[in-house]
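Residue-level structure breakdown
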2 protein chains.
Amino acid sequence: MPTTLKEIAEKINVSVSTVSKALKDYADVNPETKKLILKTAKEMNYKPNSFAVNLRTKESKTIGLIVPEIVHHFFSSVIKGIIAQAEKKGYLVIILQSNESYELEKKQLELLQNKRVDGILVSIANGTSKFDHFKEVIDNDTPLVMFDKIAKIIDCSKVIIDDRKAAYEATKYLIEIGCKKIAHFRGPLLPQNSIDRFLGYKKALEDFNIPYDSKLVYVLNDVSFEEGKYYAKKLVEEHKNVDGIFVNTDLVAIGAITAFNEMNIKVPEDISIVGFSNWFMSTVVSPSLTTINQPGFKMGKEAFKVLYKEIKAKKKNEEFRYKKVVLDTDLIVRNSTKPILKS
Amino acid sequence: MPTTLKEIAEKINVSVSTVSKALKDYADVNPETKKLILKTAKEMNYKPNSFAVNLRTKESKTIGLIVPEIVHHFFSSVIKGIIAQAEKKGYLVIILQSNESYELEKKQLELLQNKRVDGILVSIANGTSKFDHFKEVIDNDTPLVMFDKIAKIIDCSKVIIDDRKAAYEATKYLIEIGCKKIAHFRGPLLPQNSIDRFLGYKKALEDFNIPYDSKLVYVLNDVSFEEGKYYAKKLVEEHKNVDGIFVNTDLVAIGAITAFNEMNIKVPEDISIVGFSNWFMSTVVSPSLTTINQPGFKMGKEAFKVLYKEIKAKKKNEEFRYKKVVLDTDLIVRNSTKPILKS
DNA sequence: TTTCTAAACGAAAACGTTTTCGAAAATAAC
DNA sequence: GTTATTTTCGAAAACGTTTTCGTTTAGAAA
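What you see is a predicted model, and the numbers here were worked out from it, not measured in a lab.

**Notes on the nonpolar core**
Grouped burial of nonpolar side chains is what soluble globular proteins tend to show. The biggest cluster of nonpolar side chains holds 192 residues, and the ones touching the most others in it are Phe147(A) and Phe147(B). Once residues lying within four places of it in the same chain are set aside, the contact partners of Phe147(B) are Leu65(B), Val67(B), Phe75(B), Val78(B), Ile82(B), Leu121(B), Val122(B), Ser123(B), Val159(B), Met299(B) and Ala303(B).

**So, the domain arrangement of chain A**
With domains assigned, chain A is organised as domain 1 (5–48), domain 2 (60–161 + 296–328) and domain 3 (163–294). The C-alpha-based centres of domain 1 of chain A and domain 2 of chain A are spaced at 38 Å.

**A short note on the protein's contact with DNA strand C**
Inspection of the region around DNA strand C gives 26 residues, with Leu5(A), Tyr46(A), Arg56(A), Thr18(B) and Lys21(B) positioned closest. Sugar and phosphate atoms constitute 61% of the interface atoms of DNA strand C, taking the interface as everything within 4 Å of the protein. Contact distances for DNA strand C include 2.7 Å between a phosphate oxygen and a side-chain N or O atom of Tyr46(A). Between DNA strand C and Asn30(B), the relevant distance is 2.7 Å, taken from a phosphate oxygen to a main-chain nitrogen or oxygen of the residue. Broken down by secondary-structure element, the contributors of at least two residues to the surface near DNA strand C are helix H2 (16–23) and helix H4 (50–57) of chain A together with helix H2 (16–23) and helix H4 (50–57) of chain B. Tallied by class, residues from the surface near DNA strand C come to nine nonpolar, 10 polar and seven charged.

**So, the interface of chain A and chain B**
Counting residues at the interface gives 46 residues for chain A and 46 residues for chain B. With both sides pooled, the region where chain A packs onto chain B buries about 4,300 Å², and carbon together with sulfur makes up 66% of that total. By the criterion of area lost to chain B, the three top residues of chain A are Phe51(A), Leu92(A) and Arg116(A), representing 19% of everything that side buries. The interface formed by chain A and chain B holds two salt bridges in total. Taking the shortest distance from any N to any O, the salt bridge between Glu69(A) and Lys80(B) comes out at 3.0 Å. Linking chain A with chain B are 14 residue pairs in polar contact (both at pLDDT 80 or more). Elements represented by at least two residues in the side of chain A that touches chain B include exactly H4, helix H5 (73–88), strand E2 (92–97), helix H6 (102–114) and helix H11 (250–262) of chain A.

**A word on the packing of aromatic side chains**
Given two aromatic rings, one states the distance between the centres and the angle between the planes to describe the pair. Following the criterion strictly, the structure yields 26 aromatic pairs over all chains and no others. With 6.2 Å between their ring centres and 55° between their planes, Phe246(B) and Phe276(B) make a pair best called tilted. Taken together, the residues Phe246(B) in strand E8 (residues 244–247) and Phe276(B) in the loop between strand E9 (272–274) and strand E10 (291–293) connect sequence positions 30 residues apart. Under the relative-accessibility criterion, Phe276(B) is labelled buried at 0%. In textbook terms, an aromatic cluster arises when at least three aromatic residues are bridged by ring pairs, as seen for Phe185(A), Tyr218(A), Tyr230(A) and Tyr231(A). Directly above the aromatic system of Phe276(A) lies the positively charged group of Arg197(A), at a separation of 3.7 Å from the ring centroid.

**Section: the protein's contact with DNA strand D**
Inspection of the region around DNA strand D gives 26 residues, with Thr18(A), Lys21(A), Asn30(A), Tyr26(B) and Arg56(B) positioned closest. Counted by atom, the contact set of DNA strand D within 4 Å of the protein is 61% sugar and phosphate. One of the backbone N or O atoms of Ser15(A) is found 2.9 Å from a phosphate oxygen in DNA strand D. A distance of 2.6 Å is found between a phosphate oxygen of DNA strand D and a side-chain nitrogen or oxygen belonging to Thr18(A). Counted by class, the surface near DNA strand D contains eight nonpolar, 11 polar and seven charged residues.

**Let's talk about empty space enclosed by the protein**
Under the criterion given, the structure shown has one cavity of 30 Å³ or more. Approximately 200 Å³ is the volume attributed to the largest cavity. Around the largest cavity, the lining comprises 18 residues; the ones closest to its centre are Asn54(A), Ser60(A), Thr62(A), Asn54(B) and Thr62(B). Every element with two or more residues in the lining of the largest cavity is listed here: H4 of chain A together with H4 of chain B.

**What to know about helix H7 (residues 132–139) of chain B**
All names here are of chain B. Taken together, the buried positions of H7 are His133, Phe134 and Val137. In an axial view of H7, the angular spread of the buried residues amounts to 100°, which keeps them on one side of the axis. More than 90 degrees from the buried face of H7, the exposed residues found are Asp132 and Asp139. Contacts from the buried residues of H7 go to helix H6 (102–114), strand E3 (119–122) and strand E4 (144–147). Immediately beyond the C-terminal end of H7, within one or two residues, lies aspartate 141, with a positive phi of roughly 70°.

**Comments concerning a negative patch on the surface**
All names here are of chain A. A contiguous patch of negative charge, built from Glu110, Asp132, Glu136 and Asp139, is present on the exposed surface. When residues in the negative patch are grouped by element, the largest group, three residues, is from helix H7 (residues 132–139). By the element assignment, glutamate 136 lies in helix H7.

**What to know about the relation of the copies chain A and chain B**
Put simply, the two copies of the chain differ by a rotation about an axis and a shift along that axis. With an axial shift of 0.0 Å and an RMSD of 0.1 Å, the rotation relating chain A to chain B amounts to 180°. The transformation relating the two chain copies, once decomposed into turn and shift, fits a two-fold axis. Relative to the rotation axis, the C-alpha of Ile94(A) is the closest in chain A, positioned 2.2 Å from it. Take the interface residues of chain A: 100% of them recur as interface residues in chain B, which is what a same-surface contact looks like.

**Focus on the pattern of salt bridges**
Side-chain pairs of opposite charge can arise where the charged atoms are in close proximity. Residues and elements named next belong to chain A. Under the criterion given, the structure shown has 24 salt bridges over all chains. The partner of lysine 338 in a salt bridge is glutamate 269, with the nearest N and O atoms 3.7 Å apart. Taken together, the residues span a long stretch of sequence, with lysine 338 in the segment after strand E12 (330–332) and glutamate 269 in the loop between H11 and strand E9 (272–274) at a distance of 69 residues. Lysine 305 is the partner of glutamate 302 in a salt bridge, and the nearest nitrogen-oxygen pair spans 3.7 Å. With glutamate 302 and lysine 305 both in helix H12 (residues 296–315) and three residues apart, this pair spans about one turn of that helix.

**Section: the environment of Arg321(A)**
Relative to the helices and strands, Arg321(A) is located in the loop between H12 and strand E11 (324–327). In the structure, Arg321(A) is positioned 164 residues away from Ser157(A) in sequence and 8.3 Å away in space, judged by C-alpha atoms.

**Side note on the sheet that holds strand E7 (residues 217–219) of chain A**
Two pairing modes exist for strands in a sheet, parallel and antiparallel, and in both the strands are linked by backbone hydrogen bonds. Residue and element names in this part refer to chain A. Strand order in the open sheet formed by four strands is E7-E6-E8-E9, with parallel pairing between adjacent strands. Where the open sheet ends on each side, the last strands, each with one partner, are E7 and E9. Pairwise comparison of adjacent strand axes, ignoring direction, gives a mean angle of 15° for this sheet. Note: strand E6 (residues 182–186) against E7, three bridges, orientation parallel. Across the sheet, residue arginine 186 finds its bridge partner in E7, namely valine 219. Set on the sheet, helix H8 (residues 163–176) makes contact with E6, strand E8 (244–247) and E9; between it and E8 the angle comes to about 170°.

About the thresholds
- Along each chain, residue indices are assigned from 1 in the same order as the chain's sequence is written.
- For naming, the first written chain is A and the first written ligand is 1, with later ones following in the order written.
- It should be noted that, the model being predicted, local features are given only for residues of pLDDT at least 70 and side-chain atom pairs only at 80 or more, the latter also being counted only at that level, while totals for whole chains, interfaces and linings use all residues.
- Note that the side-chain values use all heavy atoms of the structure and ignore hydrogens as well as water.
- The term nonpolar core refers to a set of buried residues drawn from Ala, Val, Leu, Ile, Met, Phe, Trp, Tyr and Cys, joined through side-chain atoms within 4.5 Å.
- Buried means the residue's accessible area, taken with a 1.4 Å probe over protein chains only, is under 20% of the maximum for its type, while exposed means over 50%, and partly exposed covers the values in between.
- It only takes one pair of heavy atoms within 4.5 Å for two residues to be counted as in contact.
- Segmentation of the chain into domains, including their bounds, is taken from an automatic or database domain assignment.
- Near, as used in this document, describes a residue that has one of its heavy atoms within 4 Å of the molecule or strand being considered.
- Two N or O atoms count as a polar contact when they lie within 3.5 Å, although within protein this holds only if one can serve as hydrogen donor and the other as acceptor, and sequence-adjacent residues are included solely when both atoms are side-chain atoms.
- Under the DSSP-based scheme used, a helix requires at least four consecutive residues in state H or I and a strand at least two consecutive residues in state E, with every element numbered from the N terminus.
- Classes in brief: Ala, Val, Leu, Ile, Met, Phe, Trp, Tyr, Cys and Pro nonpolar; Asp, Glu, Lys and Arg charged; the others, Gly included, polar.
- Here the buried area means the combined drop in accessible surface, using a 1.4 Å probe, for two parts upon being joined, counting both sides.
- Between Lys or Arg on one side and Asp or Glu on the other, a salt bridge is scored when a side-chain nitrogen of the former is within 4 Å of a carboxyl oxygen of the latter.
- Think of it this way: a Phe, Tyr or Trp ring, Trp meaning its six-membered ring, pairs with another when their centres are within 6.5 Å, and the plane angle makes it stacked under 30 degrees, edge-to-face over 60, tilted otherwise.
- Only when the NZ atom of a Lys or the CZ atom of an Arg is both within 6 Å of the ring centre and within 35 degrees of the ring normal do we say a charge sits over the ring.
- Only protein atoms enter the 1 Å grid, on which a cavity is a set of points fitting a 1.4 Å probe that cannot get out and a pocket is an open set with protein on both sides within 12 Å along at least 5 of 7 lines, lining residues being those with an atom within 4 Å of a point.
- Grid points are joined across faces, edges and corners, and a volume is the space filled by probe spheres set on the points.
- This arc is taken over the directions from the axis of the helix to the C-beta atoms.
- Residues enter a patch when their relative accessible area is above 30% and they make no salt bridge; the linking distance is 9 Å between like charges and 5 Å between nonpolar side chains (Val, Leu, Ile, Met, Phe, Trp, Tyr).
- Computed with a 1.4 Å probe, the accessible areas rest on the Shrake-Rupley method; for each residue, only the protein chains presented here act as cover.
- We count Lys and Arg on the positive side and Asp and Glu on the negative side, and we leave His and both chain ends out.
- To locate a charge, take atom NZ for lysine, CZ for arginine, CG for aspartate or CD for glutamate.
- C-alpha atoms of residues with pLDDT of at least 70 in both copies form the basis for the least-squares superposition of the copies.
- Here, a strand pair is defined by DSSP locating no fewer than two bridges between the strands.
- What counts as an axis is a line fitted to C-alpha atoms, over the stretch in contact for a helix, and the angles between N-to-C directions run from 0 to 180 degrees.

Right under this line is the structure:
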């Protein structure tokens, strides 16, 4: 059984309070006794019982994290960033996956609150369209930070990229290299990201006087490789002369590339494709994929930083103003896009 | 502030003990009072204080998990499996990443013990060659299960694949399709996996009377895409007529494929390549990669199951015999390998 | 009636810490 | 010498549970 303060105290004939104070470097303990206590504590291999500390201090130095999916290049990068930053500050991270399900997300949020984590980081499931469960968290005074997939309607700190701007840049690039008929494979209707990416796409078309055609916009459900293949085929069946696609996610874009390869449609000669997220995979596929780099690791770090500040503020009973951190993205040009030569 | 047992007790004029007992379904409480207690507990939105429960019961229903790397298809699949299974049993998972570093791994192991998690799952870092820190965990009576990257020398439960057998199968397949001069890109010297995969490769050569040539075995450090490219180039510089490669990991194999594509060496016509792990990426690269499927999700589930049994046994003070679970792998043939036609 | 059993409840200890507050001892000031 | 101040320590409460064990009451058995 692990050593307790009491055992140390009995061994050297002082009180439990003194031992505790010595270990926590209080001023009112004689340097001599302190030295002795530190020494015996080390000898007896004392480790504070975190359960008791938690109960007493009402904090666990643990945060909760809910992501829609773990096996996912972007999210695993974010997770890595969160854990790295949390570790620096002495926090541990409990991870849960909502599998894009509203029900699970809600249950897990309750679970984490019951466990009394010091704060919660969450990226919202695609299946979520009601947001009361987040409000409850905030009402319960548990620090909450949303990242990447957020709810505009909820008033809390957020760490995101400017999806709309990034999508605008991607589409603009397609226009600049000479594409005239640009399709868009968008994500599901609900999540803010797909909405914003769609809006960026649309805005770019408008700004450069290319007529918007809703038939050129395909709505995905799974956002999967297979869907990319499927809609690529559908696109060529339904339209002629499409010379560019802006795709919601790299994985889907890669599916599309694969389909075009199979159909003997040349990328980028016949059609240029821009993805989104810069999955590692995109450097490896052939042709390699032009895409928007989405800084996952950094987003993770920033999300924890904001949460940390909120936790600290709560502890000191200071007022805290919700922060909104917007991270930069950039366009990475690879081989799936190519300027169209005028003939 | 959250409701406590005391507040419920005061509200309906019973003792704290009775409230506790009612909520935990003890026999010695009047059905009438029990009903009342349950009702008021619900009304007051009572949630047990997990800190107090932990302290009292000496368990936290939380386990620790250390992986070498999170942004990694195989490991993220394992993590997903672990979390899924843990959730079923009411356990939460704290995740740490060792970044393949011995120092970090050791520190994190201590961290988790100080946090008094109920058990620990670990996949060993490449940088680890001493194993005393694991012995300490076991001596401390903390349930410990190793998965995938294990230490043979440590006596504890393990969940693995049969790397040697899988490598044997992969190499055998290359031989069967007619490869005569087969190279091997192996992992670092330390981890058991790379040793076993190498041994499987060697054994297959022996069994089929192909002379083993140590010059055809390249030792990788990072096990990265870049290394795959680098050693593919080196291989063609240093050897002629190599017609097959068995590669330690898909990522490296994909690097090699990319290099061959760049050098205009045809895969699989000029050279066949077999990878290991079945990363999702391997379906997407061109040509798609023949590889060994390594069941990450299942491994995660099994690892937790074993740990769970060990935790339960410890709680009941039952004896527990360490388990060794070996999961099946299988060869997935894609387009990076092709039978060599005899001329 | 008395004695015994069972049902229902509560007091209290325990888990191991943190922190307040008062007391004692030692020192300084007068 | 007395009084004031500082230094050093420990008692004790508190955090919110769980669980043992004893007590009370009512009813059954004698």
